[in-house]
Amino acid sequence: MRTEEQRDPDPAPAGNPPRSLAEALRTRDDTSLSTLLRIRPDLITPVPTDLTQLATRAGTRASVVRALERLDRFALQTAEALAVASDPATYDELMGLMAGDDRDPAVTAAFPHALATLREQALVWGTDDRLRLVRTARELLAPAPQHPSPTGLGPTVAEATAGMSPGRIQEIVADCGLPTTHDSVSAVASLTALFTDRERMPALLDTAPAESLEVLSRLVWGPPYGQVTADPARHLRWLIDRALLLPTAPGTVVLPREVALHLRAGRAHRETDPVAPALEPARTHRPQMVDTTAAGQAYTALATVEELLKDWHEGGPSVLRAGGLSVRDLKRTAVALDVVEPVAAFWVELAYAAGLLASDGEADERYAATPGYDEWLELPAGERWARLASVWLAATRTAGLVGGRDSKDRTLSALGPGLDRSAAPEVRHRVLALLAGLPEGTSAVPDSVIARLHWERPPRGPRTAAGDDLRSRLARWTLSEAELLGVTGRGALSAQGRALVGLPPAPDHDTASGSGSAGASAGRGAGAGAKLPVHRHHRPVAEPAALLPRTPAEQAAAAAQAARILGPLLPEPLDHVLLQADLTAVAPGPLERPLADTLGVLADVESKGGATVYRFTPGSVRRALDAGRSASDLHAFLAAHSRTPVPQPLAYLIDDVARRHGHLRIGAASAYVRCDDDALLNEILADKRSQGLRLRRLAPTVLAAQADPAALLDGLRSMGFAPAAESAEGDVLITRAHAHRTPPRSAPAPVPDGPPVPDTTLLDAAIRAIRAGDLASTTPRKPAHADLPGTGELPRTSSAETLATMQAAVMTGEAVWIGYVNAEGAASQRVIAPIRVEGGFVTAYDHTADEVRTYPLHRVTGVAELADDQR
């Protein structure tokens, strides 16, 4: 059974106030409906058939709860006040509950905007003299013993005395000095009038004992319930006798709502927050310095991700049975990247969210780079960064949770399950939008950012042991991760960060003001400039662009713009290094990829930063020789890419290692060592470190070992020799780094926080369909003999009557109302203008679909003529 706000009575004459939410929605224009559907996208999934169904869906519990959770603090306080007001309430009554008897100027100024926000989101409907909160919202916010009101108010006098005997009510009326009445209804009305009278009520309270007033002061701001004994004290009995405290259960009394409001000077809330708290600036830097710092961080981010996946080049850590990285592997990764473990978890999760690494799916499952990583490496640096940053902005996986505990007290591991938080993208986007509202180059105090988020989305969920809610932790993580990624520099939003969130150039100051402003003030698309029915104190409201979710096309355009801005700020890759006499090479900047790859094999990275220092060692030179390079190749490579002459110690090192490289040959017998120099083999046998290899001489130039070839190679190299592996044919084996890749993998999809945001095309199509369906369902028609007007049922006529009516409509050119059942069995009602009837089909212009369609006559349940004034 539909509630009053969902019930769809006959359309009210033009100019009359709406009698239902459906009627109120019917008075809106397309821009206003588009704004509603964009802010509450769950209403369009699937598209409602008409405005009555839209109103019904807007009043469902799940949809209302979601809408209430997305209100700012003052708009929510306004809804809470309307839930304790009379139903319907007037504008002045609701204003009094918010601003109090003294009419707080700040509340008075912000109140019209808050009420307009509630109207815009279809949580409040009706004119200013008959304001109604949707029934579900009233049930959620109104006071009840099971769920106390956030206002701290209790039930009304009428509600609290509902089960009281008539005689007792008359006794209370007499104790209050009021004349007795003939019925309980008038007696309760008399008490209510007394408690709401700002002149008579003080006179009653002046006669109260001091202890009684003390009891009222303890209950006035809630909770309004108290405990009493079977024989209350004199000061409590005085309150109970005058209905200033009313019994609700044995031993329990409650302070009536009207009494509490009088003691509160008319306020529904102890404290109201009409204005969003302003962001507190921390420091201000030159914008160029911010952009340069952020660009440096962006370059470091790219280098860190590349280093991570290069470290996992031949297969990374094993996947835990429950999924994710072990604590030991995360520590190893942190050491390899030279960062702390939480930061290592962030880089690992970012690469995973971007689809650059995944598990390989083998029996011994390990993490490795994906084929997408190789494609990512081929992109320009700006585009590579934009992809990482846009993925971070939209990802629901939250690296900050790594190391914490889930609801079953299990440790949350990096790359493991349980890290998705659907609120993360909105919080990240909102934090960056707030930073964008500050003057260019200005950073914000983190606590002021969190205070602003608390005002915009008051926390309602459970808090952590540290007293910090999830959105606050997400905000703190966002500030640190944005700095790591180069979205911000020195705490201030960079130019590429501003483009990433799709915001215009930074204003000179925060344009947010009033209760509904939240950072950036420009509206986008159908969400901006929404028009609503005009009422007193009612102005259209458009949610700030920074709070409106973005479509994929808008996200892609923002990422491309960010890449264009960042590109010129990144250093150009270099084609040279500086060789030094201490067997090091200095790369004064990023190197071109072929140079960096070759140098990474020939030398070991000693230090990183603005300049990278490589060190040449016998082991690194041997690594290059094992990869198939000859000594002459290495000399030519260094000479071609060094801006300084090749130092003599480095040339000697290469020649010395090359001379000894391959002098010993190791193959598979189990394993053997052969060498033309039997004295060298004698030296190996005499070395105590070779005992673990269990070597024995087979011939003057051959030793056999019980270890496998790989272990034998490592063992002899650890002893200072330079053996080379050989094939069964006796050829030297060239060992190249094997790039292990997973099969093609898709990046993890973010867990959506509700239905996707409809784009403009979908909104326009949906509104046309809703309007057309509403026309079909509300157009007056002449009742057929089997049609039951007002029941909402489809018309029912015989086949002969249907055919005759259709043929008549073709000749007269008039529209008719039909019931139609499609091939899937879904029934609908439509208004059509038949064009021709032949072969068992009717071709007509369908006003519902706004196009010409053909319908089988056997699927038409019946037909009725429209009323004369609708033709």
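Residue indices begin from 1 for each chain and proceed along its sequence in written order. For a predicted model such as this one, the threshold for reporting local features is a pLDDT of at least 70, and the threshold for listing and counting side-chain atom pairs is 80 or more; totals across whole chains, interfaces and linings nevertheless cover every residue. Side-chain figures throughout are based on the complete set of non-hydrogen atoms in the structure, without hydrogens or water.

Peer 1: When you look at the overall build of the protein in this model, what are you seeing that I'm missing?
Peer 2: From N to C terminus, the protein includes 33 helices and 25 strands. The buried label applies to any residue whose accessible area, calculated with a 1.4 Å probe on protein chains only, is under 20% of its type's maximum; exposed applies above 50%, and partly exposed to all values in between. In the protein, which comprises 871 residues, the proportion classed as buried is 49%. Counted over contacts in the protein with a minimum sequence separation of 6, partners at least 24 positions apart contribute 67%. For the protein, the computed accessible surface area is about 39700 Å², with 54% contributed by carbon and sulfur atoms. Numbering goes from the N terminus for both helices and strands, where a helix is a DSSP run of H or I of at least four residues and a strand is a run of E of at least two. Whether two residues are in contact is decided by their heavy atoms, any of which lying within 4.5 Å being enough. Residue-level accessible areas treat just the shown protein chains as cover; the underlying method is Shrake-Rupley with a 1.4 Å probe.

Peer 1: Which parts of the structure should I look at to understand the side chain of His 269?
Peer 2: Mapped onto the elements of the fold, His 269 is located in the loop between helix 15 (257–263) and strand 6 (281–284). A relative accessible area of 6% places His 269 in the buried class. Those residues in contact with His 269 that sit more than four places away from it in its chain are Gln 77, Glu 80, Ala 81, Leu 97, Met 98, Thr 151, Trp 221 and Arg 264.

Peer 1: Where do I start with helix 14 (residues 234–241) in this structure?
Peer 2: Residues that lie three or four places apart on an α-helix share one face, since the helix turns once every 3.6 residues. Of all the positions in helix 14, only Leu 236, Trp 238, Leu 239, Ile 240 and Asp 241 are classed as buried. Elements that come into contact with the buried residues of helix 14 comprise helix 10 (166–175), helix 12 (200–206), helix 13 (210–219) and strand 5 (252–254). Note on helix 14: the residue one or two positions beyond its end, Ala 243, has a positive phi of about 65°.

Peer 1: Any chance you could explain the confidence of the model for the protein here in plain terms?
Peer 2: Atomic detail in the predicted coordinates should be set aside for any region of low pLDDT. As a per-residue quantity, pLDDT reports the predictor's confidence and falls between 0 and 100. Averaged over every residue, the pLDDT of the protein is 83; the share at 70 or more is 87%. Per-element confidence in the protein is highest for helix 18 (residues 341–353), whose mean pLDDT is 95, and lowest for strand 16 (residues 665–667), whose mean pLDDT is 67. Counting contacts from residues 462–467, a segment whose pLDDT is below 50, to residues more than four positions away or on other chains yields four contacts. Below pLDDT 50 for its whole length, residues 507–549 participates in 126 contacts with residues either more than four positions away or in separate chains.

Peer 1: It is not clear to me how the nonpolar core should be interpreted in this structure. Could you clarify?
Peer 2: Across soluble globular proteins, nonpolar side chains have a tendency to be buried as a group. Counting residues in hydrophobic clusters, the biggest one holds 91 residues, and the most contacted among them are Leu 191, Phe 195, Leu 244 and Leu 245. Leave out the neighbours within four places in its chain, and Leu 245 touches Val 215, Leu 219, Leu 236, Leu 239, Ile 240, Val 253, Val 254, Leu 255 and Pro 256. Formed by 73 residues, the second largest nonpolar core is a distinct cluster that contains Val 305, Ala 334, Trp 347 and Leu 415. Here, the term nonpolar core denotes a set of buried Ala, Val, Leu, Ile, Met, Phe, Trp, Tyr and Cys residues that are joined through side-chain atoms within 4.5 Å.

Peer 1: For this particular structure, what's the right way to read the packing of aromatic side chains?
Peer 2: Both the distance between ring centres and the angle between the ring planes are used here to describe each pair of aromatic rings. Aromatic rings from Phe, Tyr and Trp, with only the six-membered ring used for Trp, were paired whenever their centres fell within 6.5 Å, and each pair was classed as stacked if the ring planes differed by under 30 degrees, edge-to-face if by over 60, and tilted otherwise. Summed over the entire model, instances satisfying the criterion amount to five aromatic pairs. Sitting over the face of the ring of Trp 376, Arg 384 holds its NZ or CZ atom 5.4 Å from the ring centroid. Remark: a charge is flagged as sitting over a ring if the NZ atom of Lys or the CZ atom of Arg is within 6 Å of the ring centre and within 35 degrees of the ring normal.

Peer 1: Please clarify how the pairing of strand 15 (residues 612–615) should be interpreted in this entry.
Peer 2: Side-chain positions along a regular strand alternate between the two faces of the sheet. Of the strand pairs in this sheet, strand 13 (residues 584–587) and strand 15 are connected by four bridges, and their pairing is antiparallel. Within strand 15, the position partnered with Thr 584 by the bridge is Arg 615. Strands are labelled as partners when DSSP assigns at least two bridges between them. Sheet topology places strand 14 (residues 604–607) next to strand 15; three bridges connect them, and they run antiparallel. Bridge pairing in strand 15 links Ser 607 to Val 613.

Peer 1: Is there a simple way to think about the pattern of salt bridges in this case?
Peer 2: Should their charged atoms come close, side chains of opposite charge can pair. Put simply, a salt bridge is a Lys or Arg side-chain nitrogen that is within 4 Å of an Asp or Glu carboxyl oxygen. In this structure the tally under the stated criterion is 35 salt bridges. Arg 168 is the salt-bridge partner of Asp 241, the closest N and O atoms lying 3.4 Å from each other. With Asp 241 in helix 14 and Arg 168 in helix 10, the pair connects residues that are 73 residues apart, well separated along the chain. By relative accessible area, which is 17% here, Asp 241 ends up buried.

Peer 1: Please explain the sheet that holds strand 13 as it appears in this structure.
Peer 2: Sheet strands pair by backbone hydrogen bonding; their relative direction is either parallel or antiparallel. In space, the four strands of this open sheet follow the order 12-13-15-14, with antiparallel pairing throughout. Both edges of this open sheet fall to strand 12 (578–580) and strand 14, since each of them pairs with a single strand only. Recorded for the sheet is a direction-independent mean angle of 30° between the axes of neighbouring strands. Where strand 12 and strand 13 come together, three bridges link them in antiparallel fashion. Following the sheet pairing, Leu 578 is matched in strand 13 by Val 586. Axis definition: a line fit to C-alpha positions, over the contact stretch in the case of helices; interaxial angles, taken between N-to-C directions, run 0 to 180 degrees.

Peer 1: Help me understand the packing of helix 20 (residues 381–394) against helix 21 (residues 424–436) in this model?
Peer 2: Taken N-terminus to C-terminus, the directions of helix 20 and helix 21 make an angle of 115°; their axes are 7 Å apart at the nearest point. Between helix 20, through Trp 392, Leu 393 and Ala 394, and helix 21, the contact on the second element is made entirely by Pro 425, Arg 428, His 429 and Leu 432. Looking at the contact of helix 20 with helix 21 residue by residue, the classes come out as five nonpolar, one polar and one charged. Three categories are distinguished: nonpolar for Ala, Val, Leu, Ile, Met, Phe, Trp, Tyr, Cys and Pro, charged for Asp, Glu, Lys and Arg, and polar for the others, with Gly belonging to the last.

Peer 1: Would you mind showing me how to read the sheet that holds strand 4 (residues 246–249) here?
Peer 2: The strand order 3-5-4 describes an open sheet built from three strands, whose pairing is antiparallel. In the strand order of this sheet, the two ends are held by strand 3 (225–227) and strand 4, each with one partner. Strand-to-strand twist of the sheet, defined as the mean angle between neighbouring strand axes without regard to direction, takes the value 40°.

Peer 1: Which parts of the structure should I look at to understand the environment of Pro 250?
Peer 2: With respect to the helices and strands, the residue Pro 250 is situated in the loop between strand 4 and strand 5. By relative accessible area, which is 82% here, Pro 250 ends up exposed. Taking the C-alpha atoms as reference, Pro 250 lies 8.1 Å from Ala 230; in sequence the two are 20 residues apart.

Peer 1: It is not clear to me how unusual backbone geometry should be interpreted in this structure. Could you clarify?
Peer 2: Of all residues except glycine, most have a negative phi; of all peptide bonds, most are trans. The amide bond that connects Thr 45 to the next residue, Pro 46, takes the cis arrangement and shows omega of -10°. Turning to its location among the elements, Pro 46 is positioned in the loop between helix 2 (30–39) and helix 3 (51–58). Geometrically, the link from Asp 87 to Pro 88 is a cis peptide bond, its omega value of 0° lying close to zero. As for its placement among the helices and strands, Pro 88 is situated in the loop between helix 5 (73–83) and helix 6 (91–99). Here Ala 243, not a glycine, exhibits a phi torsion of approximately 65°, which is positive. Since its relative accessible area comes to 0%, Ala 243 is described here as buried.

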